[in-house]
Amino acid sequence: MSIRHGLLALLEHGPRYGSQLRTEFESRTGATWPLNVGQVYTTLNRLERDGMVAQSGEDDAGHALYVITESGRTELKSWFETPVDRTSPPRDELSIKLAMAVGAPGVDIRNVIQSQRHHTVKAMQDYTRLKAQALAAIESGGSQERDDVAWLLVLEQLIFQTEAEARWLDHCEVRLIRLSAAAERGAGPTKAATPPLIAPATQPATSASARGGQPAQRARPTRPT
């Protein structure tokens, strides 16, 4: 995530000081990606070094104000116009976990999948509830409507992401069951002791059944006040 570009986008609206930028950044994104003041000032120092921001005096409370420069505006314009690179996807912990769980001694990959599915569905429900709250805030015409719209877009991305993850987990379970069954059919008596890819179950779980289970607890994003 590009903190530097987020700060440049906020400075485009006028002079800001560090903790103000932090508050506005978290308000715009619903604190989904929290920042600390140290991160903000470290980033501002680098942007100033690169000529993209400059200090511009102080406010009445003595806070050092920063403004965006023409170089910063050029960089921001390029960021908005350039697609996010997907050729080198970031490491995903869940994908790595399932990849390592395949055939791992003593690991029931079905349990790993089901546990994650419960957690993912719970997250989806949380995001959906927060989306309803954001829509209600927008429809009320409150003074923070711009931030509410931005938060809504972030929430909807999270909802789509968790929906896709739940479908992918269902796919993984079905895929492993089929591969395990095919391996058992093709194995002769000498390979009978080879452990299956996935342990047999009397009733495969699905996203629908996960909704009825006890979901794992998670720290979920909340809209800052």
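Provided above is the structure to which this section pertains.
What this report covers is the structure whose coordinates are included nearby. (Residues numbered from 1 in each chain as written. Predicted model: local features only at pLDDT ≥ 70, side-chain atom pairs only at ≥ 80, totals over all residues. Heavy atoms only, no water.)

## Looking at the packing of helix H5 (residues 93-101) against helix H7 (residues 145-186)
At a closest axis distance of 13 Å, the pairing of H5 and H7 adopts a crossing angle of 10°. Judged by the inter-axis angle, H5 sits roughly parallel to H7. Residues Leu94, Ser95 and Leu98 of H5 touch H7, and the partners they reach there are Glu165, Trp168, Leu169 and Cys172. When the residues that make up the contact of H5 with H7 are grouped by side-chain class, the tally is 5 nonpolar, 1 polar and 1 charged. (Axes fitted to C-alpha atoms, helices over the stretch in contact; angles between N-to-C directions. Helix = DSSP H or I, 4+ residues; strand = E, 2+ residues; numbered from the N terminus. Parallel < 35°, antiparallel > 145°, perpendicular 65-115°, else oblique. Contact = heavy atoms within 4.5 Å. Nonpolar A, V, L, I, M, F, W, Y, C, P; charged D, E, K, R; others polar.)

## Quick word on the nonpolar core
Ranked by internal contacts, the top residues of the largest apolar core, which has 17 residues, are Leu7, Leu8, Leu11, Leu21, Val40, Leu44 and Val53. Breaking this core down by element, the ones donating at least two residues are helix H1 (3-11), helix H2 (18-29), helix H3 (37-49) and strand E2 (64-68). Here this core takes 6 residues from H1, the largest share from any one element. With sequence-adjacent residues up to four places away left out, Leu7 is seen in contact with Leu21, Val40, Thr43 and Leu44. Ile138, Leu155, Leu158 and Ile159 belong to the second largest nonpolar core, which has 11 residues in total. (Core = buried A, V, L, I, M, F, W, Y, C linked by side-chain atoms within 4.5 Å. Buried < 20%, exposed > 50% of the residue type's maximum accessible area, 1.4 Å probe, protein only.)

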